Amino acid sequence: QVQLVESGGGLVQPGGSLRLSCAASGSIFYIYAMDWHRQAPGKQRELVASITSGGSINYSDSVKGRFTISRDNAKNTVYLQMNSPKPEDTAVYYCKADLRTVAGTRSDYWGQGTQVTVSS
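These numbers come from a predicted model, not from an experiment.

## Here's the deal with the sheet that holds strand E1 (residues 2-7)
Stage number 1. The strand order across the open sheet built from four strands is E1-E3-E8-E7, with neighbouring strands paired in antiparallel fashion. In the strand order of this sheet, the two ends are held by E1 and strand E7 (67-72), each with one partner. Here the strands of the sheet are splayed against their neighbours by 15° on average, with no regard to which way each runs.
Stage number 2. Where strand E3 (residues 17-26) meets strand E8 (residues 77-83), seven bridges bridge the pair, whose relative direction is antiparallel. Each bridged residue has a counterpart across the sheet, and for alanine 23 the counterpart in E8 is threonine 77.

In structure tokens:
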């Protein structure tokens, strides 16, 4: 009853830019934090950036200064602006929402992932 749908992935050249979006929909009462995670082939999934409902933001050291996370609470949507991406940023990017449903339960929900490939 809750869905997270990512969009905006694709092929981008090193030094270019790309913007990912993730929209949450369904029986949502309140969204606490929204995160972006990524998983490269053969590696564990890692946290890239997170933003709370109040706007507190954290970045992994590997993307700090290059990526920007933002959120539109009215649209239940989180964005990841990727500037100056590097080949090592190539991964499947997933969004996650820590939310409470209309029924009252609080859980993490994940999107299906979107592939980002950084290559010339």
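And the narrative resumes.
## Topic: the environment of histidine 37
Stage number 1. Following the sequence through the fold, histidine 37 ends up in strand E4 (residues 28-39).
Stage number 2. The buried category is assigned to histidine 37, whose relative accessible area is 10%.
Stage number 3. As for histidine 37 and tryptophan 110, which are separated by 73 residues in sequence, their C-alpha atoms are 9.8 Å apart.
Stage number 4. Contacts of histidine 37, omitting those with residues within four sequence positions, involve Arg45, Glu46, Leu47, Val48, Val92, Tyr93, Tyr94, Lys96 and Trp110.
Stage number 5. In this structure the side chain of histidine 37 is engaged in a polar contact, spanning 3.4 Å, whose partner is the side chain of aspartate 35.

About the thresholds
- Residues numbered from 1 in each chain as written.
- Predicted model: local features only at pLDDT ≥ 70, side-chain atom pairs only at ≥ 80, totals over all residues.
- Heavy atoms only, no water.
- Pairing = 2+ DSSP bridges.
- Helix = DSSP H or I, 4+ residues; strand = E, 2+ residues; numbered from the N terminus.
- Axes fitted to C-alpha atoms, helices over the stretch in contact; angles between N-to-C directions.
- Buried < 20%, exposed > 50% of the residue type's maximum accessible area, 1.4 Å probe, protein only.
- Contact = heavy atoms within 4.5 Å.
- Polar contact = N/O pair within 3.5 Å; in protein donor to acceptor, adjacent residues only side chain to side chain.

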